[in-house]
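Here is what each chain is made of, one letter per residue.
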Amino acid sequence: MALELDRPDVVAEVKAAFLRYEKALVENDVTVLDELFWNDERVVRYGAGENLYGYRQIAAFRAQRPPSGLQRQLHNTVITAHGNDLATAWTEFRRPGNPRIGRQSQVWARRPEGWRVVAAHVSFMEE
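These numbers were taken from a predicted model, which means no experiment stands behind them.

Asker: Explain the pattern of salt bridges here, please?
Answerer: Pairing is possible between side chains that carry opposite charge, provided their charged atoms lie close to one another. Under the defined criterion, the tally for this structure stands at nine salt bridges. Across the pair R20 and E35 runs a salt bridge, and its minimum N-O distance is 2.8 Å. Placement of R20 in helix α1 (residues 8-27) and of E35 in helix α2 (residues 30-36) is noted, with a sequence separation of 15 residues between them. For E35, a relative accessible area of 32% translates into the label partly exposed. Linking K23 and E27 is a salt bridge whose minimum nitrogen-to-oxygen distance equals 3.1 Å. Of this pair, K23 and E27 both sit in helix α1, separated by four residues, roughly a single helical turn. Taking the relative accessible area as the measure of exposure, E27 reaches 48% and is therefore partly exposed. Among the charged side chains, a network of salt bridges with common partners joins E13, D85 and R110.

Structure below.
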């Protein structure tokens, strides 16, 4: 049985969660950022300069991250729903004054508590 792709209601739910995450990221709202990651030791986040395994490592990283210089502009965002309970979000971003292009990918899963990031990756490339 093939998964139903891109049901509009599922895409809309994930997009709302993704935009909530983005707002929390640029405002350094650590409470919301922590909420939107799956609270489990199997969650993984590969950052621009760190590899984080498990919710505790990710939360600790967020708690110590400097709160400035977080503004960014998103480009080429693609959200794909794979059935009712899984989605991917891909985006490029630029930070003011930084020539590098950032890339972010997230896997979102519908959990009993709502949509949560279950895997994430951030990297940069030269222009």
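Asker: Just checking my understanding: could you explain the layout of surface pockets for this structure?
Answerer: Any empty space left between the atoms is revealed when a probe the size of a water molecule rolls over them. There is about 200 Å³ of room inside the largest pocket. If you trace the largest pocket, you find 17 residues lining it, with R45, A48, R65, R95 and V122 closest to the centre. Elements with a contribution of two residues or more to the lining of the largest pocket: α1, α3 (55-64) and β6 (114-125). Looking at the lining of the largest pocket residue by residue, the class counts come to seven nonpolar, three polar and seven charged.

Asker: Looking at this model, I keep getting lost on the packing of aromatic side chains. Mind explaining?
Answerer: Working definition: an aromatic ring pair is given by the centre-to-centre distance plus the angle between the planes. One pass over the structure, following the stated rule, counts three aromatic pairs. Relative to F124, the ring of F93 lies with its centre 5.5 Å away and its plane at 80°, an arrangement referred to as edge-to-face. Separated by 31 residues along the polypeptide, F93 in strand β4 (residues 86-94) and F124 in strand β6 bring together distant segments of the chain. Since its relative accessible area comes to 24%, F124 is described here as partly exposed. Directly above the ring of F93 sits R72, whose terminal nitrogen or CZ lies 4.2 Å from the centroid. A cation over a ring is seen here: R100 above F124, with NZ or CZ 4.1 Å from the ring centre.

Asker: I tried to follow the nonpolar core on my own but got confused; where do I start?
Answerer: When a protein is soluble and globular, its nonpolar side chains tend to lie buried together. Ranked by size, the top nonpolar core spans 28 residues in total, and within it V14, Y21, F37, V43, W108 and W115 carry the most contacts. Elements with a minimum of two residues in this core: α1, α2, α3, β3 (73-81), β4, β5 (101-111) and β6. Looking at this core, the element that brings in the most residues is α1, giving seven residues. Apart from residues lying up to four places away in sequence, Y21 is in contact with L33, L36, F37, R62, Q104, Q106 and W108.

The rules behind each value
- Counting restarts for each chain, with residues numbered from 1 along the sequence as it is written.
- Confidence filtering applies because this is a predicted model: local features only for residues at pLDDT of at least 70, side-chain atom pairs given and counted only at 80 or more, and all residues used for totals across whole chains, interfaces and linings.
- Values reported for side chains reflect all heavy atoms of the structure, with hydrogen atoms and water molecules removed beforehand.
- Basic side-chain nitrogens of Lys or Arg form a salt bridge, by our definition, when they fall within 4 Å of a carboxyl oxygen of Asp or Glu.
- Segments assigned H or I by DSSP are reported as helices when at least four residues long, segments assigned E as strands when at least two residues long, and all are numbered from the N terminus.
- Only protein chains enter the accessibility calculation, which uses a 1.4 Å probe; a residue is then buried when its area is under 20% of its type maximum, exposed when over 50%, and partly exposed in between.
- Cavities and pockets are defined on a 1 Å grid built over the protein atoms alone: a cavity is a set of grid points where a 1.4 Å probe fits but cannot escape, while a pocket is an open set with protein on both sides within 12 Å along at least five of seven lines, and lining residues are those with an atom within 4 Å of any such point.
- Grid points are joined across faces, edges and corners, and a volume is the space filled by probe spheres set on the points.
- The classification used treats Ala, Val, Leu, Ile, Met, Phe, Trp, Tyr, Cys and Pro as nonpolar, Asp, Glu, Lys and Arg as charged, and all other residues, Gly among them, as polar.
- Each Phe, Tyr or Trp ring (for Trp, its six-membered ring) is paired with any other whose centre lies within 6.5 Å, and the angle between the two planes then decides the class: stacked below 30 degrees, edge-to-face above 60, tilted in between.
- Note on geometry: a ring has a charge over it if NZ (lysine) or CZ (arginine) is within 6 Å of the ring centre and within 35 degrees of the ring normal.
- Here the nonpolar core consists of buried residues drawn from Ala, Val, Leu, Ile, Met, Phe, Trp, Tyr and Cys, with membership extended through side-chain atoms lying within 4.5 Å.
- We call two residues in contact when some of their heavy atoms are within 4.5 Å.

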